[in-house]
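Okay, here's what each chain looks like letter by letter:
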Amino acid sequence: MDKVAFTLDNGEEQDFYVIGKADVEDVSYILVAEEEEGDSDALILKDVSRDKTSEEAVYEMVDDERELQRAIAALHTVLEDVSIEI
């Protein structure tokens, strides 16, 4: 499982483990958690990068309920053994 450092809006860095990735209609979503194993709070983030060829990406939290449901459904198809609860 990849561990990735994210720079938060306040400039601080926080590490997250990337649990999985799924694409829906040309939009990439990742499921990240602070803990590598076990029950943990997790976030579903959307790639909003303008330059898709860059090594660095820009992610934001998914806050639209319908979009969140589509992302969860796509992540479930990739991550059969992971339970995602809102």
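Keep in mind that this is a model prediction, so the values were computed, not measured. Numbers given for residues are sequential positions, taken from 1 along each chain in its written order. At least 70 in pLDDT is required for a residue's local features to be given in this predicted model, at least 80 for side-chain atom pairs to be given and counted, and no such filter applies to totals for whole chains, interfaces and linings, which use all residues. To get the side-chain values, take all heavy atoms of the structure and skip hydrogens and water.

Participant: Would you explain the side chain of Glu 67 in this entry?
Facilitator: Within the secondary structure layout, Glu 67 lies in helix α1 (residues 65-78). Note on definitions: a residue-residue contact is assigned when non-hydrogen atoms from the two residues lie within 4.5 Å. Leaving out residues up to four positions away in the same chain, Glu 67 has contacts with Tyr 29, Lys 46 and Val 62. Helix and strand assignments come from DSSP, with helices taken as H or I runs of at least 4 residues and strands as E runs of at least 2, each series counted from the N terminus.

Participant: Would you mind showing me how to read the nonpolar core here?
Facilitator: Where a protein is soluble and globular, its nonpolar side chains tend to be buried together. Only buried residues count toward a nonpolar core. Its members are Ala, Val, Leu, Ile, Met, Phe, Trp, Tyr and Cys residues joined through side-chain atoms within 4.5 Å. Under the scheme applied here, a residue whose accessible area is under 20% of the maximum for its type counts as buried, over 50% as exposed, and between as partly exposed, the area being computed with a 1.4 Å probe on protein chains only. Judged by nonpolar contacts, Ala 22, Val 24, Tyr 29, Leu 31, Ile 44, Val 62, Leu 68, Ala 71, Ile 72, Ala 74, Leu 75 and Leu 79 together constitute the single largest core of twelve residues. Counting only elements with at least two residues in this core, the list comes to β2 (13-24), β3 (27-33) and α1. For this core, the leading source of residues is α1, giving five residues.

Participant: Hey, could you run me through α1 in this one?
Facilitator: Each turn of an α-helix holds 3.6 residues, which means side chains three or four residues apart point in the same direction. A rise of 1.5 Å per residue sets the reference length of α1, with its 14 residues, at 20 Å; its end C-alpha atoms lie 20 Å apart and thus fit the reference within 8%. Glu 67, Leu 68, Ala 71, Ile 72, Ala 74 and Leu 75 are the residues of α1 that are buried. Take α1 and look down its axis: the buried residues cluster within an arc of 165 degrees, on one side only. Opposite the buried face of α1, at more than 90 degrees from it, the exposed residues are Arg 66 and Thr 77. Contacts made by the buried residues of α1 are with β2, β3 and β4 (42-47). With a side-chain oxygen lying 3.3 Å from the backbone nitrogen of Arg 66, the N-terminal cap of α1 falls on Asp 64. What a helix should span is 1.5 Å times the count of its residues minus one. The reported arc concerns the directions from the helix axis to the C-beta atoms and nothing else. Counted as a polar contact is a pair of N or O atoms within 3.5 Å, where, for protein atoms, one must be capable of donating a hydrogen and the other of accepting one, and residues adjacent in sequence contribute only when both atoms are in side chains.

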